[in-house]
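Tertiary structure, described
Next come the chains, spelled out residue by residue.
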Amino acid sequence: MRRLLAAGHHVTGMTRSPERAAELRAAGADSVIADVFAPGALAEAVAGSRPEVVVNELTDIPRALDPRKYAEQMKGLERIRAEGYPNLVRAARDAGARRLVAQSIAFVYAPAGGGAAAAGDAGGHALATEDDPLWHDAPEPFATTLGATVAGEQATLDSGLEALVLRYGWFYGPGTSYAADGAMTAMIRKRRYPIVGRGTGVSSFVHVDDAADATVAAVESDATGILNVADDDPAALRDWLPVVAATIGAPKPMRVPAFVARLAAGRIAVAFSTQQRGAANARAKAALGWAPAHPTWRGTLGT
């Protein structure tokens, strides 16, 4: 929001909280209070702001994710994507908006089956482009999250507006779980974030400021479709985790067999640690004229 204001845009922020509405006004934006699950009130709120572009950053992710409680923790987010996204699409369309930009996630691609490593992909497989197949056979409960995510993306793309979906990499930076005071960083400090199996799952990270810059560029562009928004340095778990631990002065991460991790944290934790696929960002760079100011997570993740 602050970057949109700095770029000269008139911004109206939607929230369910009067306190948050006051914060939006204090920052220089207008505010409306509405619930995405109340279609009538939502439509009235969106129409009242007379938007040219609607930016969908709806989310509901707890600060501390527990893989053993993942299904319960993700219910709110899954409802937002499956039900809230279509509600917002209808409200934006009915309000006469020209353009719709919606957030999504870049860790949705099916594991690579082999092939030469792409530049920067330490997992040994080519990075996924926006055209690659999604991970529809992912283990539960992530498969349910993926289904809701795809439904939200499709509602956006079928809106009849100039629609663009931004698939963000794993956020790091202030206010995220990989900040100095974040939940994931705390796990690394306590040596509770192990390298599972061979640690070949590849993560694509993106600094929150770079994600914000890409979103501003998306608002101002005429690009449509789907774009991966991630940094230039995707890395396998076995490579990035020891570097981050050293950066923050944490003990060297433990290594645990996959079957032990499966018993302790479930199949999804093992799948992400060993099969996750990194995302290529070339299309976003070309379409948005954007490049991450933080091209790598090295030296910054966890600080």
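All values reported here derive from a predicted model rather than from experimental measurement.

What counts, and where the lines are drawn
Residues numbered from 1 in each chain as written. Predicted model: local features only at pLDDT ≥ 70, side-chain atom pairs only at ≥ 80, totals over all residues. Heavy atoms only, no water. Core = buried A, V, L, I, M, F, W, Y, C linked by side-chain atoms within 4.5 Å. Buried < 20%, exposed > 50% of the residue type's maximum accessible area, 1.4 Å probe, protein only. Contact = heavy atoms within 4.5 Å. Salt bridge = Lys/Arg side-chain N within 4 Å of Asp/Glu carboxyl O. Helix = DSSP H or I, 4+ residues; strand = E, 2+ residues; numbered from the N terminus. Patch = residues over 30% accessible without salt bridge, like charges linked within 9 Å, V, L, I, M, F, W, Y side chains within 5 Å. Areas by Shrake-Rupley, 256 points an atom, 1.4 Å probe, with all protein chains shown as cover.

Let's talk about the nonpolar core
Within soluble globular proteins, side chains that are nonpolar generally end up buried alongside one another. Counting 18 residues, the largest nonpolar core has Val108, Tyr109, Trp135, Phe142 and Phe272 as the members making the most contacts within it. Residue contacts for Val108: discarding those within four places in its chain leaves Leu134, Trp135, Leu146 and Arg167. Counting 17 residues, the second largest nonpolar core, distinct from the first, contains Tyr193, Leu237, Ala250 and Trp297.

Some thoughts on the pattern of salt bridges
Counted under the stated rule, the structure contains 15 salt bridges. A salt bridge links Asp213 to Arg3, with the nearest nitrogen and oxygen atoms 2.6 Å apart. Taken together, the residues span a long stretch of sequence, with Asp213 in helix 8 (residues 208–220) and Arg3 in helix 1 (residues 2–6) at a distance of 210 residues. According to the relative accessible area criterion, Asp213 is partly exposed, its value standing at 31%. Taking relative accessible area as the criterion, Arg3 reaches 34% and is therefore assigned partly exposed. With a closest N to O distance of 3.0 Å, Arg98 and Glu52 form a salt bridge. Residue Arg98 is found in the loop between helix 5 (75–94) and strand 4 (99–105), and its partner Glu52 is found in the loop between helix 3 (39–49) and strand 3 (53–56); the two are separated by 46 residues along the sequence. Residues joined in a network through salt bridges with shared partners are Glu52, Arg98, Arg99 and Glu162.

Points about the side chain of Thr176
With respect to the helices and strands, the residue Thr176 is situated in the loop between strand 6 (170–172) and helix 7 (183–189). Judged by relative accessible area, Thr176 falls into the buried class, the value being 9%. Those residues in contact with Thr176 that lie beyond four places of it in its chain are Phe171, Gly182 and Val208.

Observations concerning a nonpolar patch on the surface
A surface patch of nonpolar side chains, amounting to about 330 Å² of accessible area, comprises Phe259, Val260 and Leu263. Topologically, Phe259 is positioned in helix 10 (residues 258–265).

Remarks on unusual backbone geometry
Between Glu140 and the following residue, Pro141, the backbone shows a cis peptide bond with an omega angle of 5°. Note on placement: Pro141 falls in the loop between strand 4 and helix 6 (142–157). Phi is positive for Arg50, close to 50°, though the residue is something other than glycine. As for its placement among the helices and strands, Arg50 is situated in the loop between helix 3 and strand 3. Its relative accessible area of 73% is what places Arg50 among the exposed residues. Of note, the phi angle at Arg191 is positive, near 60°, even though the residue is not glycine. By the element assignment, Arg191 lies in the loop between helix 7 and strand 7 (195–196).

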